[in-house]
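Fold and geometry: a report
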Amino acid sequence: AFLALPCNPLAVDEYEYYAVTAKPDTNNFPSYILLVGCEDDTTISVSSTTFTLNRLETYLIESPNDQTGKKVVSNKPITFLTGDQCSDVPPTANHCDMLI
């Protein structure tokens, strides 16, 4: 277990985040992007979808595909976590681990 809720505001107009999920195409396990609001009234855009999160509200994006490179933009800082349920590290491994 770990706690991963960094909420450090910067002097910028918007925040950009990019997913790295490292999901191989050889398994049927999903990849994830988890967004956590750090402040109330945080506007977030993912692809063509825009929504608002308040402090400690979450939004989970699950996909059967690799989400590496997916761009997320917000007007306030958020906690941005990416990962996948089953990654082979190294690729020649005969088993997989969840990566966050």
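Residues numbered from 1 in each chain as written. Predicted model: local features only at pLDDT ≥ 70, side-chain atom pairs only at ≥ 80, totals over all residues. Heavy atoms only, no water.

Let's talk about the sheet that holds strand E3 (residues 42-46)
Pairing is antiparallel in the open sheet, where four strands are placed in the order E1-E6-E3-E4. Each edge of the sheet is formed by a strand with only one pairing partner; in this case those strands are strand E1 (15-18) and strand E4 (49-53). Averaged over all pairs of adjacent strands, the angle between strand axes in this sheet comes to 25°, irrespective of strand direction. (Pairing = 2+ DSSP bridges. Helix = DSSP H or I, 4+ residues; strand = E, 2+ residues; numbered from the N terminus. Axes fitted to C-alpha atoms, helices over the stretch in contact; angles between N-to-C directions.)

Some thoughts on the environment of Ser87
In this structure, Ser87 sits in strand E7 (residues 78-87). In this structure, the C-alpha to C-alpha distance between Ser87 and Thr21, residues 66 residues apart in sequence, is 9.0 Å.

What to know about the pairing of E3
Across the two faces of E3 the burial differs, with Thr42, Ile44 and Val46 buried and Thr43 and Ser45 not buried at all. Relative to E4, E3 runs antiparallel, the two being bridged by five bridges. Note on E4: the bridge partner recorded for Val46 is Thr49. Alignment of E3 against strand E6 (residues 71-74), held across three bridges, turns out to be antiparallel. Bridged to Val46 within E6 is Val72. (Buried < 20%, exposed > 50% of the residue type's maximum accessible area, 1.4 Å probe, protein only.)

Let's talk about the packing of aromatic side chains
Enumeration according to the criterion identifies two aromatic pairs in this entry. Look at Tyr17 and Phe80: their rings are 5.2 Å apart centre to centre, the planes differ by 25°, and that puts the pair in the stacked class. Taken together, the residues span a long stretch of sequence, with Tyr17 in strand E1 and Phe80 in strand E7 at a distance of 63 residues. For the pair shown, Tyr17 and Phe80 are each scored as buried. (Phe/Tyr/Trp six-rings, centres within 6.5 Å; stacked < 30°, edge-to-face > 60°.)

Overview of the side chain of Ser74
Tracing the backbone through its elements, the reader meets Ser74 in strand E6. On the accessibility criterion, Ser74 (1% relative accessible area) is buried. Polar side-chain contacts of Ser74 include one of 2.6 Å to the backbone oxygen of Lys76. Sequence-distant contacts of Ser74, that is, excluding residues within four places in its chain, are made with Glu14, Tyr15, Tyr17, Thr42, Thr43 and Ile44. (Polar contact = N/O pair within 3.5 Å; in protein donor to acceptor, adjacent residues only side chain to side chain. Contact = heavy atoms within 4.5 Å.)

Overview of the pattern of salt bridges
Tallied over the full model, the rule gives one salt bridge. A salt bridge links Glu16 to Lys71, with the nearest nitrogen and oxygen atoms 3.9 Å apart. Pair noted here: Glu16 is in strand E1 and Lys71 is in strand E6, with a separation of 55 residues, a long-range link. Given the relative accessible area of 41%, Glu16 is considered partly exposed. We classify Lys71 as partly exposed; its relative accessible area is 37%. (Salt bridge = Lys/Arg side-chain N within 4 Å of Asp/Glu carboxyl O.)

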